[in-house]
There are 2 protein chains.
Amino acid sequence: MSKLRIGILGAGHIAHRWMSDARTVNEAEITCVAARELPRAQAFAERWDIPNAVGGYQALVEHPEVDAIYVATPHPMHYEHTLLAINAGKHVLCEKPAALNAVELGRMQACAKERGVFLMEAMWTRLFPAVQRAKELLAEGEIGELRGLRAQFCYDSPFDPASRLFNKALGGGALLDVGCYPIAFALDMFGCAPDQITGAAHIGDTGVDERNTISLRFPGGGVAMLASAVRMAMPIEAVLYGETGTLHVPDFYHPDRLLLERDGQTAVVFEQPYVPQGFAFELRHVCQCVNAGLLESPRMSHGDSMAVMRVMDTLRAQWGIVYPGEEASCPS
Amino acid sequence: MSKLRIGILGAGHIAHRWMSDARTVNEAEITCVAARELPRAQAFAERWDIPNAVGGYQALVEHPEVDAIYVATPHPMHYEHTLLAINAGKHVLCEKPAALNAVELGRMQACAKERGVFLMEAMWTRLFPAVQRAKELLAEGEIGELRGLRAQFCYDSPFDPASRLFNKALGGGALLDVGCYPIAFALDMFGCAPDQITGAAHIGDTGVDERNTISLRFPGGGVAMLASAVRMAMPIEAVLYGETGTLHVPDFYHPDRLLLERDGQTAVVFEQPYVPQGFAFELRHVCQCVNAGLLESPRMSHGDSMAVMRVMDTLRAQWGIVYPGEEASCPS
């Protein structure tokens, strides 16, 4: 099969991290990178040995050597940049969260379908072999009925009103930045969207949620307790509590093993060498999907992204967090 | 000081567990036990070497050799039995939850104040030296500002519609039975009532919450993630996440040690020999309070009980759980 030729839209921190893995994926070829200012794109291209660098995003999405775009700008720009790529007929892998809210996301997904291009939210953690194995173990009944799930994605960043994390205009706050991980994980493990969505959040001086805890209930009777924070240290971990056992995913951000606890015994049931960033699994998956002619990923479908977004919209409505520009089309 | 003479109201499971500790408390003397049927009270008295046994509760609260009543009946009866004791001029230690809702609790507290008797909810876990030491460590700044708290009190009981746990008429469900523990613990550690209270619950076939997760926010900006269940196995544990460290209370139901995690190092900062039931700390505290002429416990005051009850009322209103008899004076 031919290599998928990828253009990177945005040359910031996440693009660098992603690139360090992407270059190891044989199924893909990174052919172009774009930044608003050409020198920044050129520096990125030089650092990672990418043949083309362009200034401005229109030039990228129209580049003849690009089949798919990796959108790596801050989340308030995902909507605009994804639409730009879709309208140029390019496939899109868009960083998480794929949009600010369900209204934006719905338009992006409708547009992608209309143009017949692949669109996937870069919920790369779902592609880890350990996470996929956890789902299989559940399906195989290794812990019986899944009754409860706990997942936390928190870190403690020094308060800095200028930082993207705390800047409301840049979509700051814990929920959108990292809360989407435990939410996406919970929905993945329960295999459906929750029918009760509540949470509590501390809103800091800049108007964004610095830390939160989330309570979900799922149609089958399972419950989840989640937390996310940009200003609270808690271990990144997930635990699945089943009827007959407990499955631990010690670091579900970079999971390299699974532990099964049953009848008082704990055993490692999956192990994999540590993978530096983990984006390779995601990119390989995107290449496979596009090569197979799929328009959605079976592991992070349009519906999956929408379900996660609806949880976040519901929580933000409870917490009163409205981002600039959202006032007119307020979530939910 | 003279021994506090205690009468036990109710001769069921919890009364037996409590008694096994109470007999070790020198400051108290268990002088009488009552059950609805005299033979049951007599059997209890014989088992624990108690001088008096009576049939019916009126005889107990009027007994001349009784100064204080320990109310050990199921929670829907706490209101009636506590008022019975208060109206007979007796001090009361009432099992948790002290009432079904804040309306009942408010009347009980008002009545106790009016009659000038001591009234305390038997939130015995607050009296553990480890729990008191945890509060001190917080106050001493050992983990800096308290930002997050996680506490779970869950166990997996086989579903049995006839069991008290699942029987709505007997106040069944996880929240009232064990949810009050993590809630009371969180309010104790944050030192105030939460200003955001939300949760998700699975309501089982008998109409009670079999498992739940709870999200709280406190005025200072701290958040809590709690869980309780009568039909889901999760370890009973509590963890306090501070600005500069983490304090672990491994089994906050019977805490015998505290672990302080700071700068990547974990150290045991408190240890105490295991105490079989732990009710002795509570009873000794009640004796001290009564002897000091207090009408409320400084560790579980009327306001403390009311704050916990208001959290539970708020959650039940969200979950639509109304107990028989509550329809007229529905919580919140």
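Parameters and conventions
Residues numbered from 1 in each chain as written. Chains lettered and ligands numbered in written order. Predicted model: local features only at pLDDT ≥ 70, side-chain atom pairs only at ≥ 80, totals over all residues. Heavy atoms only, no water. Helix = DSSP H or I, 4+ residues; strand = E, 2+ residues; numbered from the N terminus. Rg over C-alpha atoms; globule rule 2.2 N^0.38 Å. Buried < 20%, exposed > 50% of the residue type's maximum accessible area, 1.4 Å probe, protein only. Contact = heavy atoms within 4.5 Å. Areas by Shrake-Rupley, 256 points an atom, 1.4 Å probe, with all protein chains shown as cover. Lys, Arg positive; Asp, Glu negative; His and termini not counted. Charge placed at Lys NZ, Arg CZ, Asp CG, Glu CD. Axes fitted to C-alpha atoms, helices over the stretch in contact; angles between N-to-C directions. Parallel < 35°, antiparallel > 145°, perpendicular 65-115°, else oblique. Left-handed = near helix turned anticlockwise from the far one by under 90°. Nonpolar A, V, L, I, M, F, W, Y, C, P; charged D, E, K, R; others polar. Salt bridge = Lys/Arg side-chain N within 4 Å of Asp/Glu carboxyl O. Pairing = 2+ DSSP bridges. Polar contact = N/O pair within 3.5 Å; in protein donor to acceptor, adjacent residues only side chain to side chain. Buried area = accessible area lost by both parts, 1.4 Å probe. Least-squares fit on C-alpha atoms with pLDDT ≥ 70 in both. Arc of directions from axis to C-beta. Phe/Tyr/Trp six-rings, centres within 6.5 Å; stacked < 30°, edge-to-face > 60°. Lys NZ or Arg CZ within 6 Å of the ring centre and 35° of its normal.

1. Considering the overall build of chain A
Now for step 1: Within chain A, the regular secondary structure consists of nine helices and 14 strands.
Now for step 2: Against the 2.2 N^0.38 benchmark of 20 Å for 332 residues, chain A shows a C-alpha radius of gyration of 20 Å, consistent with a compact globule.
Now for step 3: Expressed as lengths along the three principal axes of its C-alpha atoms, the size of chain A is roughly 60 × 45 × 40 Å.
Now for step 4: When burial is assessed residue by residue, chain A has 61% of its 332 residues classed as buried.
Now for step 5: Relative to all contacts within chain A whose residues are 6 or more apart in sequence, the contacts with residues 24 or more apart total 66%.
Now for step 6: Of the roughly 11900 Å² of accessible surface on chain A, a fraction of 49% belongs to carbon and sulfur atoms.
Now for step 7: Side chains of chain A carry 28 positive and 39 negative charges; the gap between the two charge centres is 1 Å.

2. So, the packing of helix H5 (residues 102-115) of chain B against helix H9 (residues 302-319) of chain B
Residue and element names in this part refer to chain B.
Now for step 1: In contact at an axis separation of 9 Å, H5 and H9 are set at 165 degrees when each is read in the N-to-C sense. With respect to their mutual orientation, H5 and H9 come out roughly antiparallel. The handedness of the crossing between H5 and H9 comes out as left-handed. Each of Ala-102, Leu-105, Gly-106, Gln-109, Ala-112 and Lys-113 in H5 lies in contact with H9, whose residues at this interface are His-302, Ser-305, Met-306, Met-309, Arg-310 and Asp-313.
Now for step 2: In terms of residue class, the contact of H5 with H9 is built from five nonpolar, four polar and three charged.

3. Some remarks on the pattern of salt bridges
Residue and element names in this part refer to chain A.
Now for step 1: Summed over all chains, the structure comprises 38 salt bridges over all chains.
Now for step 2: Taking the shortest distance from any N to any O, the salt bridge between Glu-145 and Arg-147 comes out at 3.1 Å.
Now for step 3: Looking at Glu-145, the relative accessible area reads 38%, which means it is partly exposed.
Now for step 4: Because the salt bridges share partners, they merge into one network encompassing Arg-126, Lys-135, Asp-188, Arg-299 and Asp-304.

4. Overview of unusual backbone geometry
Now for step 1: Residue Pro-97 of chain A is bonded to the preceding Lys-96 of chain A through a cis peptide linkage, with omega at -15 degrees.
Now for step 2: At Asp-263 of chain A, a residue that is not glycine, the phi angle is positive and equals roughly 50 degrees.
Now for step 3: Secondary-structure assignment places Asp-263 of chain A in the loop between strand S13 (257-262) and strand S14 (265-271).
Now for step 4: The phi dihedral of Asp-49 of chain B is positive, around 60 degrees, even though this residue is not glycine.
Now for step 5: Tracing the sequence through the fold places Asp-49 of chain B in the loop between helix H2 (38-48) and strand S3 (52-55).
Now for step 6: The exposure class of Asp-49 of chain B is exposed, given its relative accessible area of 70%.

5. Thoughts on the sheet that holds S13 of chain A
All names here are of chain A.
Now for step 1: Pairing is mixed across the open sheet formed by eight strands, whose spatial order is S8-S9-S10-S7-S11-S12-S13-S14. Looking at the sheet topology across the chains shown, the edges are occupied by strand S8 (196-203) and S14. Averaged over all adjacent pairs, the angle separating strand axes in this sheet is 15 degrees, with direction ignored.
Now for step 2: Of the pairings in the sheet, the one linking strand S11 (residues 237-242) to strand S12 (residues 246-249) comprises four bridges and is antiparallel in character. Bridge pairing in S12 places Tyr-241 opposite Thr-246.
Now for step 3: Packed onto the sheet, helix H9 (residues 302-319) meets S8 and strand S9 (209-217) and runs at close to 50 degrees relative to S8.

6. Focus on the sheet that holds S3 of chain B
Adjacent strands of a sheet pair through backbone hydrogen bonds, lying either parallel or antiparallel.
Residues and elements named next belong to chain B.
Now for step 1: Ordered by their spatial adjacency, six strands build an open sheet running S3-S2-S1-S4-S5-S6, and the pairing between neighbours is parallel. Single-partner strands in this sheet number two, and they are S3 and strand S6 (119-121). On average, adjacent strands in this sheet sit at an angle of 20 degrees to one another, irrespective of strand direction.
Now for step 2: Note: strand S4 (residues 68-71) against strand S5 (residues 91-94), four bridges, orientation parallel. By the bridge assignment, Ala-68 is partnered in S5 with His-91.
Now for step 3: Along the sheet, H2 contacts strand S1 (4-9), strand S2 (28-35) and S3; its crossing angle with S3, the most-contacted strand, is approximately 165 degrees.

7. Quick look at the side chain of Lys-96 of chain A
All names here are of chain A.
Now for step 1: Locating Lys-96 in the fold gives a position in the loop between strand S5 (91-95) and helix H5 (102-115).
Now for step 2: Buried charge Lys-96 goes without a salt bridge, the closest partner of opposite sign being Asp-177 at 4.3 Å.
Now for step 3: Within the structure, the side chain of Lys-96 is placed 2.6 Å from the backbone oxygen of Asp-177, a separation counted as a polar contact.
Now for step 4: Residues in contact with Lys-96, not counting those within four places in the same chain, are His-75, His-78, Glu-121, Ala-122, Met-123, Leu-176, Asp-177, Cys-180 and Tyr-181.

8. Let's talk about the interface of chain B and chain A
Now for step 1: Between chain B and chain A, the contact holds 35 residues from the first and 35 residues from the second.
Now for step 2: Together chain B and chain A conceal approximately 2700 Å² of surface at their shared face, both sides included; 57% is due to carbon and sulfur atoms.
Now for step 3: Contact with chain A buries surface across chain B, with Arg-147, Met-225 and Tyr-241 of chain B losing the most and accounting together for 23% of the total.
Now for step 4: The residue Arg-147 of chain A makes a salt bridge to Asp-156 of chain B at a minimum N-O spacing of 2.9 Å.
Now for step 5: Between the two partners, chain B and chain A, sit 22 residue pairs in polar contact (both at pLDDT 80 or more).

9. Considering the relation of the copies chain B and chain A
Copy one and copy two of the chain differ by a rotation about an axis and a translation along that axis.
Now for step 1: Taken as rigid bodies, chain B and chain A are interconverted by a rotation of 180 degrees and an axial shift of 0.0 Å, the fit giving an RMSD of 0.0 Å. Here the copies are linked by what is in effect a two-fold axis.
Now for step 2: Interface residue correspondence from chain B to chain A reaches 100%, placing this contact among same-surface, isologous pairings.

10. A look at helix H6 (residues 129-139) of chain A
Residue and element names in this part refer to chain A.
Now for step 1: All of the buried residues in H6 are Ala-130, Val-131, Ala-134, Leu-137 and Leu-138. For H6, the angular spread of the buried residues around the axis is 115 degrees, confining them to a single face.
Now for step 2: Directly after H6, the chain includes Gly-141, whose backbone phi takes a positive value near 80 degrees.

11. Things to note about helix H4 (residues 78-87) of chain A
Residue and element names in this part refer to chain A.
Now for step 1: For H4, the set of buried residues is His-78, His-81, Thr-82, Leu-83, Ala-85 and Ile-86.
Now for step 2: For H4, the secondary structure elements touched by its buried residues are strand S1 (4-9), helix H3 (57-61), strand S4 (68-71), S5, H5 and strand S6 (119-122).
Now for step 3: Gly-89, located one to two residues past H4, shows a positive phi value of around 80 degrees.

12. Some words on the packing of aromatic side chains
Now for step 1: Counted according to the given criterion, the structure contains 26 aromatic pairs over all chains.
Now for step 2: With a centroid separation of 6.3 Å and an interplanar angle of 90 degrees, the aromatic rings of Trp-124 of chain B and Tyr-181 of chain B are classed as edge-to-face. Residue Trp-124 of chain B is located in the loop between S6 and helix H6 (129-139), and its partner Tyr-181 of chain B is located in helix H7 (residues 174-190); the two are separated by 57 residues in the primary sequence.
Now for step 3: Residue Trp-124 of chain B is classed as buried on the basis of its relative accessible area of 1%.
Now for step 4: The structure contains a cluster of three or more aromatic residues connected by ring pairs, namely Trp-124, Phe-128, Phe-153, Tyr-181, Phe-185, Phe-252, Tyr-253, Phe-279 and Phe-281 of chain A.
Now for step 5: Its end group placed over the ring of Trp-48 of chain A, Arg-47 of chain A keeps NZ or CZ at 3.8 Å from the ring centre.

13. Regarding the pairing of S8 of chain A
Residue and element names in this part refer to chain A.
Now for step 1: Among the eight residues of S8, seven are classified as buried, and the element is accordingly described as predominantly covered.
Now for step 2: Inspection of the sheet shows S8 paired to S9 by eight bridges, in the antiparallel sense. Along S9, the bridge assignment pairs Gln-196 with Arg-217.
Now for step 3: The loop that links S8 with its antiparallel partner S9 comprises five residues; one of these, Gly-207, has a positive phi angle of about 85 degrees.

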